[in-house]
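Each chain, letter by letter, is given below.
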Amino acid sequence: MTIPRGPLLLGLGVTLLFDVLRVFLPSLITLFGRAGETPPELMGLYAAVWFILPFLAALVRPRWALAGGAVALVLARLLLQAEISQLYVASAGVSAGLVFLYGSARAMPRSWAAPGIMGGLALSFTVHFLLDGVDLVWRDGPVAWLATATLCASFLALAWSFRPSDADPAPWSVWFLAGPVMLVAGMSATAQRTGSGPGGGWLWVMPVVLALVFSPYLATRPPRSTWSAIGFGVLCVAGTVFLQPWAVVVGAAVLMAVPGGPVRRPGAAVLSGGLVFFLGLFAYYAAYDMNLGFPNRVVPVVAGLLIVGVALSAYFRHRPPSYALGRIWPLSAAAVVVALLAGATAYQPEPAVQPKQGDTLKLIAYNIRMGFGLDGRLSLDRIAAWAAAQKPDLVLLSEVDRGWLLNGGHDDLARIARGLGMSYYFAPAADELWGDALLTNLPVNALTSHRLGAHDYPTGAQAQTFTVEVGGKEIGVVNTHLQAPEGQAPEVAAIVRGLRAGGRPVVLAGDLNLRRGDPGMRVLESAGLTDPLVALGDPPTSPADVPKERIDHVLVSEGLTVASAEVPPLRHSDHLPVLVVLRITSVDHQG
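In this text, all values refer to a predicted model and were calculated from it rather than measured experimentally.

Colleague: It is not clear to me how the environment of Pro26 should be interpreted in this structure. Could you clarify?
Modeller: Examined against the element boundaries, Pro26 turns out to sit in helix H1 (residues 5-32). Along the sequence, Pro26 and Gly376 sit 350 residues apart, while their C-alpha atoms lie 7.8 Å from each other. If near-sequence neighbours (up to four positions away) are discounted, Pro26 is found in contact with Leu21, Phe372, Leu406, Asn407 and Gly408.

Laid out in structure tokens, this is it:
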């Protein structure tokens, strides 16, 4: 099968744009501001500027916009690989990518648009899967540089040889749909249902990759009948309701080829679609920091309805032509191979359960800020390497992201668990992809996640409870990240009292957002918990660069003492981890 050079040029441009977006979006939180401290309106205003600036491309010729956007996009991508001025380079790279799309919309023929856009998404997310979610931009060494340079050189060579075409240009609707399609595909393709433990979701990856690899071919096969067109529309919308990647990608791929009709400013249309991408993304994720007056789950559904509405409206007015990419059998074989490789990278065998003897338990409590360090770089492997060196029995994590597009679509938990060689247990809080987690190889019993009240704070919170056995003695553990601490502390105190029934010792750990002497802390102390780190120097944990206060805690009840405690000065998050060694004692010994 021969892939035409035109769609390949457009596809590589979309791939590079998504590479830059996966840096730009998390940089808004980690570098432009600190998560939870910078107003989301301010971050949204900053981001909007870089989606509006490309409209200035209307002042130049389409060929210049395409070539200039391509050169600037490649330069931004190479500077990001060199770790130079991450926030501003990524910001400029987003604008450059949109300028390239503007030039493409005005200079490329109809048959290139849909397969180029869907092909770029297919390549981007397939490579993302094959790299286990850690993209080349976050990797060091000659291999990452060679792959990046090859991609950029190929893109520039195709852009240099490109000659504008006036024959049968794609209409405005095709290019406008690029934005909402990238939004729903980007949100859904990394929202894998990963299961509760290692290997739990690797079979889910395979149909997603198959859909992505087939999407360029599907994008050249518009529906042959009214009912089939409506059917693909239903499939696309149904996929957005449940964020089912294969349904979204298949439906959107076919609908991208449907629009027909007059041209009517395709350049302005693609930039307007980019604004739809930005507004939808901002509305969805800002809802976790501010009350927007509507549930954010409607955002991808509305985007799906927009795709279907624009596509079917054009379909009923103008019968779309069909463009063949070539024989499907080579593509089928390649898709199966890629899917198997992606499934292999996602699979992790279940580590063996290892009972614990003696009377001590080493525990790490760490708010990992979605896996991004103070330098804005993805730090999952650094977190895993440090934690593995401590040889902990329990690792309790807060702010664990399992696929938010806002943070680049990484499965933090699976990646860290792979580095630790531990089983993991995820506890959703804000939604199914963001929350807290336990990693351990100890036998875990009575594992439960308790949803905590919102108390007028949009970001959800939970308390993960379980018991472990150490030297024949059972210990209760509560792992939580309080978002509205004064309201949620009484709920956690009640959970602690329930775990302590029968004389079981309990430890409560996590980012409690409470300080010594706060009313919420006194509520927890009334449940029989004490703060032993006060006598061990009361080490501060936040902010990580200049720690001033301790809001990350390990609180214990009777039956437990802290033999040692440490707050290492790491820069892998905006919090410092708390590393403690707990010793199990008898109640008589305590008093």
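Colleague: Can you help me understand the sheet that holds strand E6 (residues 462-470) in this one?
Modeller: Strand pairing in a sheet takes place through backbone hydrogen bonds and is either antiparallel or parallel in direction. The five strands lie next to each other as E5-E6-E7-E8-E9, forming an open sheet whose pairing is mixed. The two strands at the open ends of the sheet, each matched to only one other strand, are strand E5 (444-451) and strand E9 (552-556). Adjacent strand axes in the sheet meet at a mean angle of 15 degrees when their direction is disregarded. Relative to E9, strand E8 (residues 506-511) runs antiparallel, the two being bridged by five bridges. Following the sheet pairing, Ala509 is matched in E9 by Val554. This element, helix H17 (residues 485-499), spans E5, E6, strand E7 (473-480) and E8 of the sheet and lies at about 170 degrees to E7.

Colleague: Just to check I follow, could you spell out the packing of helix H8 (residues 178-189) against helix H12 (residues 266-286) for this structure?
Modeller: The description of two packed helices rests on the angle between their axes and on the distance between the axes. With their axes 6 Å apart at the nearest point, H8 and H12 run at an angle of 35 degrees to one another. When H8 is examined against H12, the residues Ala178, Gly179, Pro180, Met182, Leu183 and Met187 are found in contact with a partner set consisting of Val270, Gly273, Gly274, Val276, Phe277, Gly280, Leu281, Tyr284 and Tyr285. Its residues assigned to classes, the contact of H8 with H12 comprises eleven nonpolar, four polar and no charged.

Colleague: What am I meant to see in the environment of Leu405 here?
Modeller: Mapped onto the secondary structure, Leu405 falls in the loop between strand E2 (394-401) and helix H16 (412-420). When the C-alpha atoms of Leu405 and Thr190 are compared, they prove to be 7.1 Å apart, with 215 residues separating the residues in sequence. Ignoring anything within four residues of it in the chain, the contact list for Leu405 reads Phe18, Leu25, Leu183, Gly186, Met187, Phe277, Leu281 and Tyr285.

Colleague: Please explain the packing of aromatic side chains as it appears in this structure.
Modeller: Note on aromatic pairs: each is described by the distance of the centres and the angle between the planes. Under the criterion given, the structure shown has 18 aromatic pairs. Relative to Trp434, the ring of Trp404 has its centre 5.9 Å away and its plane inclined at 15 degrees; by these criteria the two rings are stacked. A residue pair is termed long-range when its members are at least 10 positions apart, and Trp404 in the loop between E2 and H16 and Trp434 in strand E4 (residues 434-440) qualify at 30 residues. Through a chain of ring-to-ring contacts, the aromatic side chains of Phe24, Phe51, Phe277, Phe278 and Phe282 assemble into a single cluster. If you follow Arg61 out to its NZ or CZ, it ends over the ring of Trp64, 5.1 Å from the centre.

Colleague: Looking at this model, I keep getting lost on the nonpolar core. Mind explaining?
Modeller: Where a protein is soluble and globular, its nonpolar side chains tend to be buried together. Ranked by internal contacts, the top residues of the largest apolar core, which has 149 residues, are Phe24, Leu101, Leu121, Phe155, Tyr285, Ile416 and Leu439. If one sorts the elements of this core by residue count, H1 sits on top with 14 residues. Setting aside its immediate chain neighbours within four residues, Leu101 contacts Leu10, Val14, Leu17, Trp175, Met182 and Val270. Core analysis: the next-biggest nonpolar cluster, separate from the first, contains 28 residues, Leu361, Val470, Val580 and Leu582 among them.

Colleague: Whenever I open this one, the sheet that holds strand E3 (residues 423-431) confuses me. Can you help?
Modeller: In spatial order, the strands read E3-E4-E2-E1-E11-E10; together these six strands make up an open sheet with mixed pairing. Edge positions in the sheet fall to E3 and strand E10 (560-566), since each of these pairs with one other strand and no more. Each neighbouring strand pair of the sheet contributes to a mean axis angle of 20 degrees, computed without reference to strand direction. Of the pairings in the sheet, the one linking strand E1 (residues 360-367) to strand E11 (residues 578-584) comprises six bridges and is antiparallel in character. Considered in E11, the bridge of Ile364 is made with Leu579. The strands touched by H16 are E2, E3 and E4; relative to E2, the strand with the most contacts, the crossing angle is about 150 degrees.

The rules behind these values
- Residues numbered from 1 in each chain as written.
- Predicted model: local features only at pLDDT ≥ 70, side-chain atom pairs only at ≥ 80, totals over all residues.
- Heavy atoms only, no water.
- Helix = DSSP H or I, 4+ residues; strand = E, 2+ residues; numbered from the N terminus.
- Contact = heavy atoms within 4.5 Å.
- Pairing = 2+ DSSP bridges.
- Axes fitted to C-alpha atoms, helices over the stretch in contact; angles between N-to-C directions.
- Nonpolar A, V, L, I, M, F, W, Y, C, P; charged D, E, K, R; others polar.
- Phe/Tyr/Trp six-rings, centres within 6.5 Å; stacked < 30°, edge-to-face > 60°.
- Lys NZ or Arg CZ within 6 Å of the ring centre and 35° of its normal.
- Core = buried A, V, L, I, M, F, W, Y, C linked by side-chain atoms within 4.5 Å.
- Buried < 20%, exposed > 50% of the residue type's maximum accessible area, 1.4 Å probe, protein only.

As far as function goes, none of this settles anything; it's purely spatial.
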